[in-house]
Every structure is written in C-alpha cells, then in structure tokens.
Amino acid sequence: MNSLVRRSVQQLNRWRTYCVKHNAPEAASPGRNAGKPIYEEFIGRHQRQAQCSIVVQVSSEKSYAELYNYCSYFGSILGAHHYCVRQDETLHYILLEYATPGEAAAAIGAGVTNGELSGVPVRSPFLWFRAAGGGRRSPKLVPNPAPALLSLDGTQLVDQGQLLGLLRGAADIEEQVLQLYEHTRLNELGIRMRFLAALQVQQAIAGMFPAAQAQPFGSSVNGFGRMGCDLDLILRFDNDMGAKSPVEAAVPSRLVYHTKENLSNGRSQTQRHMECFGDMLHLFLPGVCHVRRILQARVPIIKYHHEHLDLEVDLSMSNLTGFYMSELLYMFGEMDPRVRPLTFTIRRWAQTCGLTNPSPGRWISNFSLTCLVMFFLQHLRQPILPTIGALAKAAESGDSRVTEDGINCTFTRNVDRLGFRSRNQSSLSELLLQFFEFYSQFDFHNRAISLNEGKPLSKPDHSAMYIVNPLEQLLNVSKNVSLEECERLRIEVRNAAWVLESEVENASVPEADGQELSWGLLNLFKHPEKAVIRPNMFFKPRMVEVSDLFEQKEAGATSSSTAPN
Ligand code: CTP
Ligand code: MG
C-alpha cells in the first residue's frame, strides 16, 4: 500500500469513528441524515428542559450534596451541571434539571426574597442557596446520595495554550480539524443556559401574553456556535391569537378580545414596544444588566448581558426569517458530519487573520462566512450539500411556513425526501484547501452567491460582496462588506491556500526535536510572516486545477446536486 493510499484509509477510518461517536448513521457514506432529530424536535426538547430547570448560585461546587438533598424535596432531579462566572471573584452556579416543569415550578415557588437585602421581589428560575438556619424551617432532607455533577465548570473555555497543545499533538490535519471542533463548539450546558435565558424573558410577559414565545436562533442553536457565543433571541408576543381549537373551529367564538389600537406604522410600533420592553428587562429581570437599545437598525434589537449566565443577548421582535435561516443551517450541519468541523476551522482561520471581528462593521460576519462555506459545499462537482431551491421544491403541506410579514420560509424538513446522496469522499483537509482555492478565484466583482441555486449569479448591484439572502432574496447578506475587506478576504484565502497546500502535501507530522514545532492548522492560524517556512512552501498554489473541482455552473445551468438516485 503506498503512503497516499494508507493515509486516505487512515483518514477514512478516523472519519468513520468520528461519525459513530456523533451518531451519524451513514458513517460509510456521507450525505444522509436519516434518524437525526429534526430542528423543531431539537428546539422543543431544549425548551422543555429549560422549563424543568433552575439555576442556583452556591458558595462552591462543594455545596452540591447539600443542595441536591434540599432540592430533591420538590421533585426528582435528573441532572446537575456546575459552572463558574468570573467577575471580580469567581461565582459558582449549579443548574438542576427536574423530571417535570411542575417540580421546577415548585422549587421556584418555594423561594423567598432575601429579607436582609432590598430587591424587587421577582420570581424567576435564578436563585441562590443560603446557609441553613436562615428563615423558615428546612424541609425534610432526602437521605439519597447525590449523583455526580454532570460537568464541573461546564462552560470554561479551553484555553489557547491547551488548544495549541492538542493541535500540535494531533496525528494529521484531519484530526486537528476534528479536535478544534470538539474543543471549541458550544456544549450541551451552553445550549441549556441559552434556552433558560429565553424562558426567563418569555415567563416575564406570560401574564399579558400567555402564548408569547422567546425563541433562540443563530449560532446558539444552528450547530455552528462556539463556546461563549452570543444568544440571538426573537420575542413574539402572541402569534396564536387567531388559532382555533377544534371545538372553536366548529363553533366560531363570539367573544372577541378588546385590544389596544395598533400604531399605523408597524416599525414605529415595534420600536416603541421594544423601548418599553427594554425598561422592563432592565428594571425587573434578575441577572439582566447593561441593557442597550439599538432601535434604528434594520432589525431593531435590545442587547443585554446576563450576569448569572455570563451571556450576551441580542433580542429582536421582528426577525422571523433569522429563525428559519437557523433551521436551514442546522439541517445543513446535520446532513454531513464534515460540514460543521470544516466551518469551525474556516471561522477560526478568519478570526485569527482579523477578517472577522466581534463588533459589527464593514468586515465579513460569521454568518456571511458560513454562507460562503455552504455555497462552496453546494458548488463542488460532487456536491456535499443540496441547494435551498431543491429543499423548497421538496416541501410538503406540513412544511409551509409564512412569516407575519408574508415571507415564505417553506422548505422540506425531511431531507430524505430529496433523495440527495453525496458521492464526495474528500477528507476535511482536502475540502479546506479546496475552499481556499475556490475563493481565491471567485469573481466577487461580477458574481453574486446564491445558496438557493447553488451557483453564482450576476450581481444585481455594486456591493463589494453579494450573498443573496436565502429567505429574503431581494436582500444581500454581506451588504456591509467594504471593497477593501472583500479584497483582503481574497488575499487571505490566497495566502491560506498557499500555506495549506504545503501542509497537505507534507502530510507527515514534523518531529518535535525538543522544540514546539508548528504544523498543519497551526501554521494556517498564524499570520503569514510568522508561519514556519517549510521547504516546499514556495510552490505556487495549483490554481489551474481548481476548476476541475467545481461545476462550471452559471445562471441557467441545471444543478446536479439534487438529482435523486
Ligand atoms: N441572519 C440572517 N440574515 C442576516 C444576518 C443574520 O438571516 N443578514 C440570521 C442567521 O440565521 C444568523 C442569525 O440571524 O445565524 C444570527 O445572526 P448573527 O448573530 O450575526 O450570526 P450567528 O450565526 O449567530 O453567528 P455568531 O456566532 O457570530 O453570533
Ligand atoms: Mg449570533
């Protein structure tokens, strides 16, 4: 067996192990996601978990056994996670999950306000565990030993040094990509905390709006979030006002709600409601601080920090397409186990070379960058992802979703209906290199990127970078990107292709020689001047061969990505 074949076999085996570990049923043939939970199930499961959960501040993780015994009085505890929030001092919290929402409500209902300190007496799932003996008689303690905490300091980010060590010690680039993904993606506790923040907002207005929904969207739920990512939240007051139960449908109700009159301008009304809601968050919700209102933006938002969850939140009330866009990204991530690790690596690379920036501006956003990756995966000669157009075409009646402002977000939620099978067997390192090569040659000047069609289209205006918003197709997702930033992206992808080509071809991991050598992704994540120059790094990237990898698809050509087998 020659070394190239042996390497491919090793990579395939590692990839299969990875698929099995991540419950990807088609470990041997990428492209299927049969048996995976659909997005709505994923959202529903986490919403229910949040309803069953409370967060209790404790003096340290050592309080757990006592807390468990005390809280078991209200119901059976299924799980417990410990985490810390670092302010001037380290604060410790334990998230407890009960078996039912009623049990969590009983624990919350048994809370008291702190007699010694003044505070607005608001009930919420955020509590603290005071020393025994204060106030009321303690309930009967349960003698059961507490089960182990599921995670100790479960939101701590892996530090840079540790991560570099892991990448340095990996067997090859493939494993580096997987390690990076495994150690930086948002974990289960991070997701639970975000759903709890959403529930707190929802419960705060449940008196006036019993059917209100605060829905997380964006990277917190689409599977592309890293530890510490912001929570994007959409709050909808009462979208079920017109919904009819079967009895009501048979006998139309004669009781009509008296309501306040709507303002004639819908946008002003949303801004006004958000202003008022911002005050409510600021004045009443425990943990919520640094509330900022950004109401003049295209999508008005309220930003705040949650100090008990150490979380930044962006709350909007009028961005329902963002929610459905998150569903599309979630589906793409579930369709092939290479999609998320690849995207994480590209996002990390963009961060290290300063192409992305946590604050919004004229640079490319993580979301636009993710769209670039998805488009690349659709546009390969052997596509790894189907087009959004194909997903829309395969929709059934149950998939119909139209937002309040009339935007059609209908697409199939069952990708098996597409009959899409990817025959692409490229490794992660090959895909990474192909990504850089593809965008080194992409004609951003004349072409727009369409995930709906999976092929470049003529650019409808003079924006430096044009990514058609998949659900609002008259909008450009990357409208904010300046000409200079687009040019910088082209330069950086070219540099990355250059560095990575040398790394992929020199597949052997360099000997450490007592020194900490940098190789593979570590060189990619360095600024080019600082990268270790290895002998064949001066090869010109193989730009001419790139075209072989991609369909020469232009507007009008048919996409092969959706052809059923
Ligand atoms: N979104 C969109 N159109 C845009 C910008 C955002 O549909 N022009 C939607 C996407 O679903 C996106 C979500 O809003 O995932 C949240 O946007 P943002 O917070 O900018 O991106 P994230 O994907 O959450 O990435 P990050 O981790 O950087 O927050
Ligand atoms: Mg976000």
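In this text the structure is predicted, and so the values were computed from the model without any measurement. (Residues numbered from 1 in each chain as written. Chains lettered and ligands numbered in written order. Predicted model: local features only at pLDDT ≥ 70, side-chain atom pairs only at ≥ 80, totals over all residues. Heavy atoms only, no water.)

A few points about helix α7 (residues 188-204)
Counted only if it meets this: Working definition: helices are DSSP H or I runs of at least four residues, strands are E runs of at least two. Numbering for both runs from the N terminus. Here the expected span of a helix is defined as 1.5 Å times the quantity of residues minus one. With a 1.4 Å probe rolled over the protein chains alone, any residue whose accessible area is under 20% of its type maximum counts as buried; one over 50% counts as exposed, and the rest are partly exposed.
A rise of 1.5 Å per residue sets the reference length of α7, with its 17 residues, at 24 Å; its end C-alpha atoms lie 25 Å apart and thus fit the reference within 8%. For α7, a buried count of 14 out of 17 residues is recorded, marking the element as mostly surrounded by other parts of the structure.

Concerning the pattern of salt bridges
Going by this rule: Counted as salt bridges are all cases of a side-chain nitrogen of Lys or Arg within 4 Å of a carboxyl oxygen of Asp or Glu.
Under the defined criterion, the tally for this structure stands at 16 salt bridges. Among the salt bridges present, the one from Arg 338 reaches Asp 336, with a minimum N-O distance of 2.9 Å. A relative accessible area of 4% places Arg 338 in the buried class. Among the ionic pairs, Glu 396 bridges to Arg 417, the shortest N-O distance being 3.3 Å. Of the two residues, Glu 396 is situated in the loop between α13 (388-393) and α14 (428-441) and Arg 417 in the loop between α13 and α14; the sequence distance between them amounts to 21 residues. Accessibility expressed as a relative area gives 40% for Glu 396, which makes it partly exposed. We classify Arg 417 as partly exposed; its relative accessible area is 41%.

Things to note about the pairing of strand β9 (residues 311-316)
Put simply, side chains in a regular strand alternate between the two faces of the sheet. Stated formally: When DSSP finds at least two bridges between two strands, those strands are taken to pair.
With respect to burial, β9 is a largely interior element, 5 of its 6 residues being buried. Direction of pairing for strand β6 (residues 231-236) relative to β9: parallel, over a ladder of 4 bridges. Bridge pairing in β9 places Ile 234 opposite Ser 316. Strand direction decides the pairing type here: strand β8 (residues 301-306) and β9, joined by 6 bridges, are antiparallel. Bridged to His 305 within β9 is Glu 312. Count of turn residues in the β8/β9 antiparallel hairpin: 4 residues, of which Asp 310 carries a positive phi of about 50°.

Here's the deal with the site of ligand 1
In plain terms, the rule: Here a residue is near a molecule or strand as soon as one of its heavy atoms is found within 4 Å of it. Any pair of N or O atoms that falls within 3.5 Å is considered a polar contact. Within protein, one atom must be able to donate a hydrogen and the other to accept it, and sequence-neighbouring residues count only if both atoms are side-chain atoms. For every accessible area listed, the method is Shrake-Rupley and the probe measures 1.4 Å; residues are considered covered only by the protein chains on display.
Residues in contact with ligand 1, as listed here, are Phe 217, Gly 218, Ser 219, Asn 222, Asp 232, Gly 322, Met 325, Ser 326, Arg 347, Asn 366, Phe 367 and Asn 469. Between Asp 232 and ligand 1, the recorded distance is 3.0 Å, taken from a side-chain N or O atom to an oxygen atom. For ligand 1, an oxygen atom lies 3.1 Å from a polar atom in the backbone of Gly 322. Contact with the protein chains removes 78% of the 570 Å² of surface that ligand 1 exposes when unbound.

Quick look at the confidence of the model for the protein
Any segment with low pLDDT has predicted coordinates that should not be analysed in fine detail. Here is the rule we go by: Values of pLDDT, ranging from 0 to 100, describe the predictor's confidence in every residue of the model. Only heavy atoms matter for contacts: two residues are in contact if any of them lie within 4.5 Å across the pair.
Scored by pLDDT, the protein comes out at a mean of 85, with 80% of its residues at no less than 70. Taken as a whole, residues 1-5 scores under 50 in pLDDT and shows 2 contacts with residues more than four places along the chain or in a different chain. In the model, residues 530-547 has pLDDT below 50 throughout and makes 38 contacts with residues more than four positions away in sequence or in other chains. Predicted complex metrics record ipTM = 0.98 and pTM = 0.86.

What to know about the sheet that holds β6
So the rule is basically this: Every axis corresponds to a line fitted to the C-alpha atoms, with the helix fit spanning only the stretch in contact, and the corresponding angles, defined between N-to-C directions, vary from 0 to 180 degrees.
Strand order in the open sheet formed by 5 strands is β5-β6-β9-β8-β7, with mixed pairing between adjacent strands. Two strands lie at the open edges of the sheet, namely β5 (213-217) and β7 (288-294), each paired on one side alone. Here the strands of the sheet are splayed against their neighbours by 25° on average, with no regard to which way each runs. Where β5 and β6 come together, 5 bridges link them in antiparallel fashion. Across the sheet, the residue bridging to Ala 214 is Leu 235, located in β6.

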